[in-house]
Amino acid sequence: MMARLVHWLTGVVGAVVVVAFAGREPLPRVWGDDKNAATPSFTAEQVAFFEKDVLPVLQKHCFKCHGDDPEKVKGGLNLTTRAAILQGGDSGPAVHLAQPAASLLLKAIHYQDEAYKMPPKGQLPQADIATLEKWVHAGLPVPAARMGSATAPPHKSRIPDEAKKYWAYQPLKRPAVPEVANPKWVIRNPIDAFIAAPWQAKGLQPVAAADRATLIRRAYYDLIGLPPTPEQIDAFVASTEANAWEKLIDQLLASPHYGEKWGRHWLDVVRYAETNGYERDGPKPFAWRYRDYVIQSFNADKPYNQFIIEQLAGDELDGFHPDAIIATGYYRLGLWDDEPADPLQALYDGYDDIIATTGQAFLATTFNCARCHEHKADPIPQADYYRLLAFFRDIKPYSLTRDVRSPFNLTDITPPAQRAQYEAELQKRNTRLAEVKKAMQAIEDDIIRTLPAEDQRAAEGPDRPQVVRTKVVPKLTGAQQEHYTALRKERTELEKKTTPPGQVLALSVNNCDRTPPATHILIRGSPHAPGKEVQPGFPTVLGLPDPVIPPPRPGQKSSGRRSVLAQWIASADNPLTARVFVNRVWQYHFGKGIVPTANDFGKLGEPPSHPELLDWLASEFIAGGWKLKRLHKLIMMSNTYQLASVAHADNLRIDPANTYLWRFNMRRLTAEEIRDSILAVSGTLNLKQFGPSTYPKIPKEVLAGQSVPGQGWPTSPPEEANRRSIYAHVKRSLRVPILLGFDQPDPDSSCPVRYVTTVPTQSLGLLNGEFANEQAELFAQRLQKEHPNDRAAQVTRAIRLTTGRQPTAEEVKADVAFIQRLEDKHRLTAKQALTQYCLLCLNANEFIYLD
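Quick caveat, the model's predicted, so the values are computed rather than measured. (Residues numbered from 1 in each chain as written. Predicted model: local features only at pLDDT ≥ 70, side-chain atom pairs only at ≥ 80, totals over all residues. Heavy atoms only, no water.)

## With respect to the overall build of the protein chain
Part 1 of the reasoning: A tally of regular secondary structure across the protein chain gives 37 helices and eight strands.
Part 2 of the reasoning: Seen through its C-alpha atoms, the protein chain measures out along the principal axes to roughly 115 × 100 × 55 Å.
Part 3 of the reasoning: For the protein chain, buried positions account for 53% of its 851 residues.
Part 4 of the reasoning: Long-range contacts, defined here as pairs at least 24 residues apart, represent 70% of the contacts in the protein chain between residues at least 6 apart.
Part 5 of the reasoning: Summed over its atoms, the accessible surface of the protein chain is roughly 38900 Å², and 56% of this surface lies on carbon and sulfur atoms.
Part 6 of the reasoning: For the protein chain, the separation between the mean place of its 101 positive charges and that of its 96 negative charges on side chains is 1 Å. (Helix = DSSP H or I, 4+ residues; strand = E, 2+ residues; numbered from the N terminus. Buried < 20%, exposed > 50% of the residue type's maximum accessible area, 1.4 Å probe, protein only. Contact = heavy atoms within 4.5 Å. Areas by Shrake-Rupley, 256 points an atom, 1.4 Å probe, with all protein chains shown as cover. Lys, Arg positive; Asp, Glu negative; His and termini not counted. Charge placed at Lys NZ, Arg CZ, Asp CG, Glu CD.)

Quick look at the structure:
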């Protein structure tokens, strides 16, 4: 009888059990497997408990964010009906009937998970927690009106209308240029009008224009990252041409070294490195091709929208486009754990790196903050993070083994004709290698047949190499031994030829999934707790329709999803892309962006200081074909760019941070500019471009910090080591000391701006470091060669090379006396004294600071 009763209860409403709660009356528990369980019926006592005890708690603490108003609901979770609770939100079902203690709702109110603390402003009183706990364990009893529909469509996260009005999400519109009447201000182009517009209300006045010697030094470092020679400075200062400044800008923009300077900015943003990090920090093969691609793209003034598409979906373009394949190396620049404890977690960490970098680099949006929960500040539901991830789901992991070379991260980009030739050679090599191995095996088999039975059996399995080495080879004699030895030598040589001569490989994405696996919202970001499935989609806040993903073309090695994403990001209709990029350009020219937080245009970032100027520049950038060099010239031709950096007491009191650009911001040279300038003034800078990275000399004390000192750092010959710093190998666990010391960024994540530090180790390194002292000696040799035994001329030349200016007679006299004191008082030789003076020049603020 009891068995039949239990069977009946299970079939209709689930087995009835009693759950004990300390100190309170238990309610009957209605079991079901999940939201698809048969519709239960509840007793009058259970319904009364809900209406009297549970509903007031929900109304007071929960319904504000999880009610039935689609404009206000958060996380896609509606708690107003039983069906909606069981269906759940973006993170999956809120309650599991079969395992109530594991319910997300209970974990949230108990604050058991950092990602889910509900209510977020403070934990519920214990009495309210006990009420909700009792309700969940009882099977969510509700009156019939609150049952809801089990077949209702999933509740989609909605963005409040107020959030949609945020400035960064508004369509880009070209603003009118303001009219400014200021007799002390020359309007050279619309930029000057936008900058001057707020001055009158603020009580600000611009300082005077910079002199020509200052301007040429500023332009050289801003555009090519190298110092002008004294001769170049003199020619510009003496020029009487009205367009001398414009001609200088055009000359520098046409320089092959322009891309080296501006490419380095982009490498900061995309977390460029040539090794994988973690314990072994193995190399990323051919990563340098991506660096060269970036430099060449800037030199060629490639349209920025094309630059975007090539990096995000270059492998999906029609035809043979080796540069576009190299561009997809963008995806492979991040950290990679070659021995993860949790491979699935590592896979999604890799996707997170892509989402974080793509969102911040191109859209200045921190989508990565919504990996585990809704974004805490911006209107980005957790579902949006995974909809974005779905675009990248076709990308295979960096490698499935510890091998840094894999069919997923390398692509053969050899020109077709050249490829056909080496493939024929490779086939010939493989055929011969198979013949050699077969001949060796025949000789080995002859000997194995003479061995004891146990050795013969061992030779049939994985122990064959050991049997051959220990039992077969020692038995070879005479002509057979000579033949075998010759074959083995030939095999070794053939196996070394893994990369055919002329083959060109690129770090890239390759062999992607034509039909990517399903993408699910991961509860609390854990790949072991998948929630709802999602499809590729754009940020909900922009109100765009779902993208249409065309089917892959025949022969295509990817899904085509990334092309759709790239086209949207590169679109003139995207409200963020152009704004974000012109803001970066402005930042690199003036030291601070119109939006200071260049990677975050959201509410956790800072608002724009000149929003109309930002929109005008973005509109002008798009109208100019997304061409960067045109934008440079527009900015540098403005009166704003040509201001001096001198202080003004009244302005400093009103605007100490120079937010409104009443003067130009003085800046220190970047790490690369300091090293390259030292090499330039010492006369040892090698301007060779492109190709595999160099390995500048690193002191043995630094190398000693490695687990295997010197591993992964084969020091280059001096001439190669003295190439520009952008060509120095970027090893995550071992950095060039002078570059690291002067704030070269950590390549583990996107760097929007280099924050300039001033710390003792910088001075100590420039005074005592091996590199600085070696270059000071070479600098002294240059001075002696150019002006033999003429101290005054040597001092004059040293000051001119390091600062660009002409020293005064008193300054030269004092410096000559200083060198003489080094000889007389400190007993230095003439060569040593001049070297110490050169070291002093390399440590001067005038050398490492602009203006």
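What follows picks up the thread again.
## Concerning the confidence of the model for the protein chain
Part 1 of the reasoning: Taken residue by residue, the protein chain gives an average pLDDT of 91. The fraction at 70 or more is 94%.
Part 2 of the reasoning: For residues 1–37, every residue scores under 50 in pLDDT, and the model assigns this stretch 61 contacts once sequence neighbours within four places are set aside. (pLDDT = per-residue confidence, 0-100.)

## Some thoughts on the nonpolar core
Part 1 of the reasoning: Judged by nonpolar contacts, the single largest core of 135 residues is most densely connected at Trp266, Tyr290, Phe362, Trp586 and Leu617.
Part 2 of the reasoning: Sorting elements by how many residues they give to this core places helix 24 (residues 577–590) first, with eight residues.
Part 3 of the reasoning: Setting aside anything within four residues of it in sequence, one finds Trp266 in contact with Tyr290, Val294, Phe298, Tyr304, Phe307, Gln311, Phe362 and Phe581.
Part 4 of the reasoning: Grouped together as the second largest cluster of nonpolar side chains are 39 residues, Tyr695, Phe742, Ala798 and Phe847 included. (Core = buried A, V, L, I, M, F, W, Y, C linked by side-chain atoms within 4.5 Å.)

## A few points about the packing of aromatic side chains
Part 1 of the reasoning: Counted according to the given criterion, the structure contains 36 aromatic pairs.
Part 2 of the reasoning: Centroid distance Phe298 to Phe307: 5.7 Å. Interplanar angle 70°. Geometry classified as edge-to-face.
Part 3 of the reasoning: Since its relative accessible area comes to 8%, Phe298 is described here as buried.
Part 4 of the reasoning: Residue Phe307 is classed as buried on the basis of its relative accessible area, which comes to 4%.
Part 5 of the reasoning: When the centroid spacing of 6.3 Å and the interplanar angle of 40° are considered together, the rings of Tyr304 and Phe307 count as tilted. Taken together, the residues Tyr304 and Phe307, both in helix 15 (residues 304–313) and three residues apart, mark about one turn of the helix.
Part 6 of the reasoning: Above the face of the Phe236 ring, Arg212 is positioned so that its terminal group lies 4.9 Å from the ring centre.
Part 7 of the reasoning: For Arg218, the ring lying beneath its charged end belongs to Tyr641, and the centroid distance is 5.7 Å. (Phe/Tyr/Trp six-rings, centres within 6.5 Å; stacked < 30°, edge-to-face > 60°. Lys NZ or Arg CZ within 6 Å of the ring centre and 35° of its normal.)

## Focus: the side chain of Arg332
Part 1 of the reasoning: Locating Arg332 in the fold gives a position in the loop between helix 16 (322–327) and helix 17 (343–363).
Part 2 of the reasoning: Among buried charged residues, Arg332 stands out as having no salt bridge; its nearest opposite-charge side chain is Asp315, 8.7 Å away.
Part 3 of the reasoning: Polar side-chain contacts of Arg332 include one of 3.0 Å to the backbone oxygen of Lys396.
Part 4 of the reasoning: Here the side chain of Arg332 touches Ser508 through a polar contact of 3.0 Å, landing on its backbone oxygen. (Salt bridge = Lys/Arg side-chain N within 4 Å of Asp/Glu carboxyl O. Polar contact = N/O pair within 3.5 Å; in protein donor to acceptor, adjacent residues only side chain to side chain.)

## With respect to unusual backbone geometry
Most peptide bonds take the trans form, and the phi angle of most residues other than glycine is negative.
Part 1 of the reasoning: Between Met118 and Pro119 the backbone carries a cis peptide bond, its omega angle lying at -10°.
Part 2 of the reasoning: The residue Pro119 is located in the loop between helix 5 (104–109) and helix 6 (126–137) in this model.
Part 3 of the reasoning: Backbone geometry at Tyr111 places phi at a positive 60°, although glycine is not the residue there.
Part 4 of the reasoning: If you trace the backbone, Tyr111 turns up in the loop between helix 5 and helix 6.

## Observations regarding the pattern of salt bridges
Part 1 of the reasoning: Counted by the stated rule, this structure contains 60 salt bridges.
Part 2 of the reasoning: Among the salt bridges present, the one from Asp338 reaches Arg280, with a minimum N-O distance of 2.8 Å. Highlighted residues: Asp338 in the loop between helix 16 and helix 17 and Arg280 in the loop between helix 13 (258–269) and helix 14 (288–299), separated in sequence by 58 residues.
Part 3 of the reasoning: By relative accessible area, Asp338 is classed as buried at 18%.
Part 4 of the reasoning: Across the salt bridge formed by Glu339 and Arg402, the nearest N and O atoms sit 4.0 Å from each other. One end of the pair, Glu339, is in the loop between helix 16 and helix 17; the other, Arg402, is in the loop between helix 18 (382–391) and strand 3 (410–412), with 63 residues separating them in the sequence.
Part 5 of the reasoning: For Glu339, a relative accessible area of 48% puts it in the partly exposed group.
Part 6 of the reasoning: One connected set of salt bridges, linked through shared partners, spans Asp222, Lys261, Arg667 and Glu673.

## Structural notes on a positive patch on the surface
Part 1 of the reasoning: On the surface, Lys64, Lys72, Lys74 and Lys121 cluster together into a patch of positive charge.
Part 2 of the reasoning: Turning to its location among the elements, Lys121 is positioned in the loop between helix 5 and helix 6.
Part 3 of the reasoning: What makes Lys121 exposed here is its relative accessible area of 84%. (Patch = residues over 30% accessible without salt bridge, like charges linked within 9 Å, V, L, I, M, F, W, Y side chains within 5 Å.)

## Notes on helix 23 (residues 561–569)
An α-helical turn contains 3.6 residues, so a residue and the one three or four places further along point in the same direction.
Part 1 of the reasoning: Counting buried positions over the nine residues of helix 23 gives seven, a clear majority of the element.
Part 2 of the reasoning: Every buried residue of helix 23 is accounted for by Arg561, Arg562, Val564, Leu565, Ala566, Trp568 and Ile569.
Part 3 of the reasoning: Contacts from the buried residues of helix 23 go to helix 15, helix 17, helix 18 and helix 24.

## Observations regarding the packing of helix 34 (residues 791–803) against helix 35 (residues 809–824)
Part 1 of the reasoning: For the pair helix 34 and helix 35, the least separation of the axes is 9 Å and the interaxial angle reads 115°. Taken together, helix 34 and helix 35 sit at an angle that is classed as roughly perpendicular. Of the two possible hands of crossing, helix 34 and helix 35 adopt the one that is right-handed. Together, Arg791, Ala792, Val795, Thr796 and Ile799 of helix 34 and Glu811, Val812, Asp815, Val816, Ile819 and Glu823 of helix 35 make up the contact between the two elements.
Part 2 of the reasoning: Residue classes in the contact of helix 34 with helix 35 are distributed as six nonpolar, one polar and four charged. (Axes fitted to C-alpha atoms, helices over the stretch in contact; angles between N-to-C directions. Parallel < 35°, antiparallel > 145°, perpendicular 65-115°, else oblique. Left-handed = near helix turned anticlockwise from the far one by under 90°. Nonpolar A, V, L, I, M, F, W, Y, C, P; charged D, E, K, R; others polar.)

## What about the packing of helix 33 (residues 770–786) against helix 34?
Part 1 of the reasoning: Interhelical geometry of helix 33 versus helix 34 gives an angle of 125° and a closest axis separation of 10 Å. The angle between the axes of helix 33 and helix 34 places the two elements in the oblique class. Seen from above, helix 33 lies across helix 34 with right-handed handedness. Contacts between helix 33 and helix 34 involve Phe779, Arg782, Leu783, Gln784 and Glu786 on the former and, on the latter, Gln794, Arg797, Ala798, Leu801 and Thr802.
Part 2 of the reasoning: When its residues are assigned to classes, the contact of helix 33 with helix 34 shows four nonpolar, three polar and three charged.

## Here's the deal with the environment of Glu274
Part 1 of the reasoning: By the element assignment, Glu274 lies in the loop between helix 13 and helix 14.
Part 2 of the reasoning: For the pair formed by Glu274 and His729, sequence separation is 455 residues and the distance between their alpha carbons is 6.8 Å.
Part 3 of the reasoning: Glu274 has contacts with Gly282, Pro283, Lys284, Ala287, Trp288, Arg291, Ser693, Ala728, His729 and Val730, leaving out every residue within four places of it along the chain.
Part 4 of the reasoning: Within the structure, the side chain of Glu274 is placed 3.3 Å from the side chain of Tyr272, a separation counted as a polar contact.

## Notes on the environment of Asp292
Part 1 of the reasoning: Within the element layout of this structure, Asp292 appears in helix 14.
Part 2 of the reasoning: Separated by 398 residues in the primary sequence, Asp292 and Phe690 have C-alpha atoms spaced 5.8 Å apart.
Part 3 of the reasoning: Not counting the four nearest positions on each side in its chain, Asp292 is found in contact with Phe690, Gly691 and Tyr727.

## A short note on the side chain of Asp600
Part 1 of the reasoning: Counting through the fold element by element, Asp600 comes out in the loop between helix 24 and helix 25 (611–623).
Part 2 of the reasoning: Look at Asp600: it is buried, it has no salt bridge, and the nearest opposite charge is Arg584 at 10 Å.
Part 3 of the reasoning: Here Gly602 takes part through its backbone nitrogen, which lies 2.8 Å from a polar atom of the side chain of Asp600.

## Remarks on the state of the cysteines
Part 1 of the reasoning: Applying the stated criterion across every chain yields a total of zero disulfides.
Part 2 of the reasoning: For Cys65, which is in no disulfide, the shortest distance to another cysteine sulfur is to Cys62 and amounts to 9.0 Å. (Disulfide = S-S within 2.5 Å.)

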